[in-house]
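Examination of the molecular architecture
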Amino acid sequence: MAVDPGRLRRAVHLAVQIVAPGEWLVTGGRTPHRVTLEAGVPRCDCRDSEVRGGAVCKHRLAVVLQRLPAEVREALRELAVVPLAGRPRSSEYRGRHLQSEARLTGR
């Protein structure tokens, strides 16, 4: 299962309500969505699931997260508000590397 960090970050803030066995209502985004379990495979009615096919949408992630202990979900929520450190673009890295090298060599 491929999990996009951005979707995971949004999923921890969604609310999940059990509608029936194998069916959940996920709210907290722009519109509510239903996640159902069909032949053991979770499906969502959102556009993201339709367009991206095998990608896991934030609604399906929210259902999975709901099964975790409350302490784990809360820790994930706290982590979700901390910006992820992005890798510098190659030009930024090269510029910083050259500056460091100049300081060390005195050039």
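For the structure, check the block above.
Residues numbered from 1 in each chain as written. Predicted model: local features only at pLDDT ≥ 70, side-chain atom pairs only at ≥ 80, totals over all residues. Heavy atoms only, no water.

1. Observations regarding the overall build of the chain
Secondary structure summary: the chain contains 5 helices and 4 strands in total. Walking the chain from its N terminus toward its C terminus, one meets helices and strands in the order α-β-β-β-β-α-α-α-α. Counting over 107 residues, the chain shows a buried share of 22%. Sequence separation of at least 24 residues holds for 42% of the intrachain contacts in the chain that already meet a minimum separation of 6. Accessible surface computed for the chain: about 7,900 Å², of which carbon and sulfur atoms make up 55%. (Helix = DSSP H or I, 4+ residues; strand = E, 2+ residues; numbered from the N terminus. Buried < 20%, exposed > 50% of the residue type's maximum accessible area, 1.4 Å probe, protein only. Contact = heavy atoms within 4.5 Å. Areas by Shrake-Rupley, 256 points an atom, 1.4 Å probe, with all protein chains shown as cover.)

2. Comments concerning the layout of surface pockets
Approximately 260 Å³ is the volume found for the largest pocket. Taken together, Arg-7, Arg-10, Arg-30, Thr-31, His-33, Cys-46, Arg-47, Asp-48, Cys-57, Lys-58 and His-59 make up the lining of the largest pocket. Along the lines of polarity and charge, the residues of the lining of the largest pocket split into 2 nonpolar, 3 polar and 6 charged. (1 Å grid on protein atoms, 1.4 Å probe; cavity = no way out; pocket = protein on both sides within 12 Å on 5 of 7 lines; lining within 4 Å. Points joined across faces, edges and corners; volume = space filled by probe spheres on them. Nonpolar A, V, L, I, M, F, W, Y, C, P; charged D, E, K, R; others polar.)

3. Digging into the sheet that holds strand β4 (residues 41–44)
If you trace the 4 strands from one edge of the open sheet to the other, you get β1-β2-β3-β4, paired in antiparallel fashion. Strand pairing shows two members of the sheet lacking a second neighbour, β1 (15–20) and β4, which therefore form its edges. Neighbour-to-neighbour, the strand axes of the sheet open up by a mean angle of 25°, direction not taken into account. Alignment of strand β2 (residues 23–27) against strand β3 (residues 33–38), held across 4 bridges, turns out to be antiparallel. Following the sheet pairing, Leu-25 is matched in β3 by Arg-34. (Pairing = 2+ DSSP bridges. Axes fitted to C-alpha atoms, helices over the stretch in contact; angles between N-to-C directions.)

4. Focus on the pattern of salt bridges
Across all of its chains, the model carries 6 salt bridges by this definition. Ionic pairing is found between Arg-7 and Asp-48, a salt bridge with its closest N-O pair at 2.7 Å. Of the two residues, Arg-7 is situated in helix α1 (residues 5–11) and Asp-48 in helix α2 (residues 47–52); the sequence distance between them amounts to 41 residues. Taking the relative accessible area as the measure of exposure, Arg-7 reaches 11% and is therefore buried. The class of Asp-48 is partly exposed, set by a relative accessible area of 25%. Across the pair Arg-43 and Glu-38 runs a salt bridge, and its minimum N-O distance is 3.8 Å. Residue class for Arg-43 comes out partly exposed when judged on its relative accessible area of 43%. Residue classification places Glu-38 among the partly exposed positions, given a relative accessible area of 41%. Members of the salt-bridge network, linked through shared partners, are Asp-4, Arg-7 and Asp-48. (Salt bridge = Lys/Arg side-chain N within 4 Å of Asp/Glu carboxyl O.)

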